[in-house]
Amino acid sequence: MQRLPSLGALSLGLFAAASSVQAQTPLEQQLKDLESFQVIAHRGASGHAPESSMAALELAHAWGADYLELDIQMTSDGELVAFHDDTLERTSNGEGHINDYSLAELKELDTGSWFNEENPALANEAFEGAHILTLEEVFNHFGQDARYYLETKSPALNPGVEEGLVRRLEAYDMIETGRVLIQSFDQESLLKIHDLNADIPLIQLVWYSPDDENEGHLTEWTGVTPGPDEITDADFQAVADYAVGLGTNYLFDDEPVITEAFVHQAQENGLAVHVYTVNDANEMQRLLDWGVDGLFTNYPDRLLELTE
Ligand code: G3P
Ligand code: CA
């Protein structure tokens, strides 16, 4: 699909070259690839194995997902780990806030058995005793053979996560090799990343839901854009000033919050549109028909069946 280059990418001096006939560098190739549909494995193949575990990442990687999606948080001793929730209870046998624990303490936890208990039909003894992964363990395992879609999760609870993340991406040479995207709901966090390394492609996450104070209208959680029914070209372009794409929810309470027109308007203003988190094959097909640029899914196998 042909799209206009994002203003953000143009300001990064990246997309201009990427949109030309041939990419010259791996980073330009990554941006060029973003013009095609991307399969984003949400916390790995987390419909099949414990989320953010090596098993879930390995499945997604083996099936050929374009990106391994992970939420990045910081331990009390400054290590970066892949974990979605701010608290430990739902997906481990620990309790309390993840940021209150050192890496050594977190490594004692079992982050796999909960999955077996909740999904008896998918239970696998090998999942028992899974450990929280550090970002470095993920990089050491997959290296340059994967692309990573990393979220700065709850930046207010993880002060310094941006510096720590960029330092590790640089140390593992993940940026110039076109291996990483950074996503966040927190615009400030993305701008911080951009200041630290202007080459990293960024995705602004948004979450649309009904506006309690304005019946019949939708609102965006952090206020980064107006609701989809009021959004203008200028609003999209304000995001395209620093990001290559928008990551948006599709549904709220099983009702769509975005339309095909929203997708096209974002694209016409230079933004790739990646939609989360879509697990139903019919919904996947509808969004593919709309021409979205990528889907986050817990079932990359289902999505790959539709796209390959
Ligand atoms: O990162 C896209 C999507 O994963 C955002 O929601 O809560 O699953 O991180 P969440
Ligand atoms: Ca996420």
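That block above? That's the structure.
Rules used throughout
Residues numbered from 1 in each chain as written. Chains lettered and ligands numbered in written order. Predicted model: local features only at pLDDT ≥ 70, side-chain atom pairs only at ≥ 80, totals over all residues. Heavy atoms only, no water. Helix = DSSP H or I, 4+ residues; strand = E, 2+ residues; numbered from the N terminus. Rg over C-alpha atoms; globule rule 2.2 N^0.38 Å. Contact = heavy atoms within 4.5 Å. Areas by Shrake-Rupley, 256 points an atom, 1.4 Å probe, with all protein chains shown as cover. Lys, Arg positive; Asp, Glu negative; His and termini not counted. Charge placed at Lys NZ, Arg CZ, Asp CG, Glu CD. Axes fitted to C-alpha atoms, helices over the stretch in contact; angles between N-to-C directions. Left-handed = near helix turned anticlockwise from the far one by under 90°. Nonpolar A, V, L, I, M, F, W, Y, C, P; charged D, E, K, R; others polar. Buried < 20%, exposed > 50% of the residue type's maximum accessible area, 1.4 Å probe, protein only. Polar contact = N/O pair within 3.5 Å; in protein donor to acceptor, adjacent residues only side chain to side chain. Near = heavy atom within 4 Å. Core = buried A, V, L, I, M, F, W, Y, C linked by side-chain atoms within 4.5 Å.

Trainee: Quick one: what's the story with the overall build of the protein, residue by residue and with numbers?
Mentor: When its secondary structure is counted, the protein shows 13 helices and 14 strands. Relative to the compact-globule value of 19 Å for 308 residues, the protein shows a C-alpha radius of gyration of 19 Å, a close match. Counting only C-alpha atoms and orienting by the principal axes, one finds that the protein spans roughly 50 × 45 × 40 Å. Counted over contacts in the protein with a minimum sequence separation of 6, partners at least 24 positions apart contribute 61%. Accessible surface computed for the protein: about 12900 Å², of which carbon and sulfur atoms make up 46%. For the protein, the distance from the average position of its 13 positive side-chain charges to the average position of its 57 negative side-chain charges is 6 Å.

Trainee: An account of the packing of helix H4 (residues 54-63) against helix H7 (residues 135-142) is requested, with residue identities and associated values reported.
Mentor: Two numbers describe how H4 lies on H7: the axes approach to 12 Å, and their chain directions differ by 35 degrees. Note on packing geometry: the crossing formed by H4 with H7 is right-handed. Contacts from Met54, Leu57, Glu58 and His61 of H4 reach H7 at Glu137, Val138, His141 and Phe142. Of the residues in the contact of H4 with H7, the class split is four nonpolar, two polar and two charged.

Trainee: Could you give an account of the environment of Val206, with specific residues and numbers?
Mentor: By the secondary structure assignment, Val206 is in strand E7 (residues 202-206). Under the relative-accessibility criterion, Val206 is labelled buried at 0%. Through-space distance from the C-alpha of Val206 to that of Phe115 is 28 Å; in sequence the pair is 91 residues apart. Excluding its chain neighbours within four sequence positions, the residues that come into contact with Val206 are Phe185, Glu220, Val224, Thr225, Leu246, Gly247, Thr248, Asn249 and Tyr276.

Trainee: Hey, could you go over the side chain of Arg147 for me, with residue numbers and the actual values?
Mentor: Within the fold, Arg147 resides in the loop between H7 and strand E5 (148-152). A polar atom in the side chain of Arg147 sits 2.9 Å from the side chain of Asp33. Among the polar contacts made by the side chain of Arg147, one reaches the main-chain carbonyl oxygen of Gly178 at a distance of 2.7 Å. Ignoring anything within four residues of it in the chain, the contact list for Arg147 reads Pro26, Gln29, Gln30, Asp33, Asp66, Tyr67, Leu68, Gly178 and Arg179.

Trainee: Break down the site of ligand 1 for me, with residues and values.
Mentor: Contacts to ligand 1 come from His42, Arg43, Glu69, Asp71, His84, Glu151, Lys153, Gln183, Phe185, Leu205, Tyr276 and Phe296. Note that an oxygen atom of ligand 1 is positioned 2.8 Å from one of the side-chain N or O atoms of Arg43. Within the contact set of ligand 1, an oxygen atom lies 2.6 Å away from a side-chain nitrogen or oxygen of Gln183. Relative to its free-state accessible area of 280 Å², ligand 1 is covered by the protein chains to the extent of 88%. Here the residues of the shell around ligand 1 are counted per class, giving four nonpolar, three polar and five charged.

Trainee: Outline the nonpolar core, supporting the account with residue identities and numerical values.
Mentor: Among the nonpolar cores identified, the biggest contains 61 residues, and Tyr148, Leu150, Leu169, Ile258 and Val275 are the most heavily contacted of them. Apart from the residues lying within four places of it in its own chain, the contact partners of Leu169 are Phe139, Leu150, Met174, Ile175, Val180, Ile182 and Ile200. Ranked by size, the runner-up nonpolar core spans 12 residues in total, among them Leu31, Leu34, Leu205 and Phe296.

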